[in-house]
Amino acid sequence: MSDPNVEVVVVRDPSSQTEVSVSIDGVAVDCLSVVIDAGRGWDWDDWREFRDATLTEPLSPAARAELIDAFDDPPGGEYVMGRDRTHWLDGLDPEDRLPVRYRLTGPRTVTVTVPADTDIDTFAVTYLREHLSEGHRLLHHHRTTAADTVAAGTITNWDMVLTAAIADTSGETTAHQLLYRYTRTTDIDTDSGQVRVELRHRHEIEGSDYYRGLDPALLAPLTPATRSRANLWRCGSSNPPHQRPPQERTPHRNDYGPLVVSPR
């Protein structure tokens, strides 16, 4: 069976609405058209009202995901008045903010219990590989102490940052980060000799404070970024790291016995 012939005609009137007509195999069909045009004339309250009204339409999951992707940092957004630094998707469920193609499988923040002698760095890489979406490929990864990755003067409670270049099924290659640390000593299961490890996934389009001192080879396979936050993150990653001696993780034994690493 051959693919249907889809024809789309767009008539754009700068002083009026944009009209869209769609035909499939020569037969006109009804369609829902949405024009994302964050040019001059918008203020933030009106834009957010338009965004929310659009996303309440009866949309397919694929269309909804594409629209959320477009509403996050839309072209021309610099002309929207009154937004200041408010997130483009402010007010939406945080789980809606990241397109599916940029997600790992499973929750974005997770705490897992592992034997106390587990190599946490190896565990983090394994976790990342096992939670890639189907067809995604890990091309390169680089592990950095979190305190040495953030800008000077910035405080972080994470221990390590695993940054990875991952190719998705569309051919796009983007940067992902997996932040990880041991949990507080009060969360240790002293009877079984196990510890808990917390992991959190972030994607470059969300922006990240963890960008210093990354391996330049990590950035080489990335395809050109279209999001401003991703471009800012890559720009910071390309700059020489700030000059301060690396900070080693310092294991200590708590009152309960298991060997843990102090979270930063």
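Presented here is a report on the structure given in the accompanying data block. Being a predicted model, the structure only gives us computed values, none of them experimental.

### Structural notes on the overall build of the protein
And then number 1: When its secondary structure is counted, the protein shows six helices and ten strands.
And then number 2: Counting the 264 residues in the protein, one finds 39% classified as buried.
And then number 3: Long-range contacts, defined as pairs at least 24 residues apart, comprise 60% of the intrachain contacts of the protein with a sequence gap of at least 6.
And then number 4: Accessible surface, the protein as shown: approximately 15,300 Å² in total, 49% of it carbon and sulfur.

### As for the pattern of salt bridges
For side chains of opposite charge, pairing can occur when their charged atoms come near one another.
And then number 1: In total, this model carries eleven salt bridges according to the counting rule given.
And then number 2: Between Arg-48 and Asp-90 there is a salt bridge, and its shortest N-O distance comes to 3.0 Å. Separated by 42 residues along the polypeptide, Arg-48 in helix α1 (residues 44-55) and Asp-90 in the loop between α2 (61-71) and β4 (109-115) bring together distant segments of the chain.
And then number 3: In this structure Asp-90 comes out as partly exposed when scored by relative accessible area, which is 28%.

### Looking at the sheet that holds strand β2 (residues 18-24)
And then number 1: The strand order across the open sheet built from three strands is β1-β2-β3, with neighbouring strands paired in antiparallel fashion. If you trace the sheet from one side to the other, it starts and ends with β1 (6-12) and β3 (27-29), each paired once. Geometrically, the sheet is characterised by an average inter-axis angle of 30° between neighbouring strands, direction not taken into account.
And then number 2: In this sheet, β2 lies alongside β1 in antiparallel orientation, the contact comprising seven bridges. Opposite Val-8, over in β2, you have Val-22 as the bridge partner.

### Concerning the pairing of β2
And then number 1: Taking the residues that link successive antiparallel strands as the turn, the β1-β2 hairpin has five residues.
And then number 2: By the bridge criterion, three bridges tie β2 to β3 in an arrangement that is antiparallel. Its bridge partner being in β3, Ile-24 is matched across the sheet by Val-27.

### What about helix α3 (residues 120-130)?
And then number 1: Taken as a whole, α3 has its buried residues at Ile-120, Asp-121, Ala-124, Val-125, Tyr-127 and Leu-128. Along α3, the residues classed as buried sweep out an arc of 160° about the axis, all on the same side.
And then number 2: On its buried side, α3 packs onto β4, β5 (137-145), β6 (160-167), β7 (173-182) and β8 (194-203).
And then number 3: Looking at where α3 begins, the residue whose side-chain oxygen comes 3.0 Å from the main-chain nitrogen of Asp-121 is Asp-119.

Cut-offs and rules
- Residues numbered from 1 in each chain as written.
- Predicted model: local features only at pLDDT ≥ 70, side-chain atom pairs only at ≥ 80, totals over all residues.
- Heavy atoms only, no water.
- Helix = DSSP H or I, 4+ residues; strand = E, 2+ residues; numbered from the N terminus.
- Buried < 20%, exposed > 50% of the residue type's maximum accessible area, 1.4 Å probe, protein only.
- Contact = heavy atoms within 4.5 Å.
- Areas by Shrake-Rupley, 256 points an atom, 1.4 Å probe, with all protein chains shown as cover.
- Salt bridge = Lys/Arg side-chain N within 4 Å of Asp/Glu carboxyl O.
- Pairing = 2+ DSSP bridges.
- Axes fitted to C-alpha atoms, helices over the stretch in contact; angles between N-to-C directions.
- Arc of directions from axis to C-beta.
- Polar contact = N/O pair within 3.5 Å; in protein donor to acceptor, adjacent residues only side chain to side chain.

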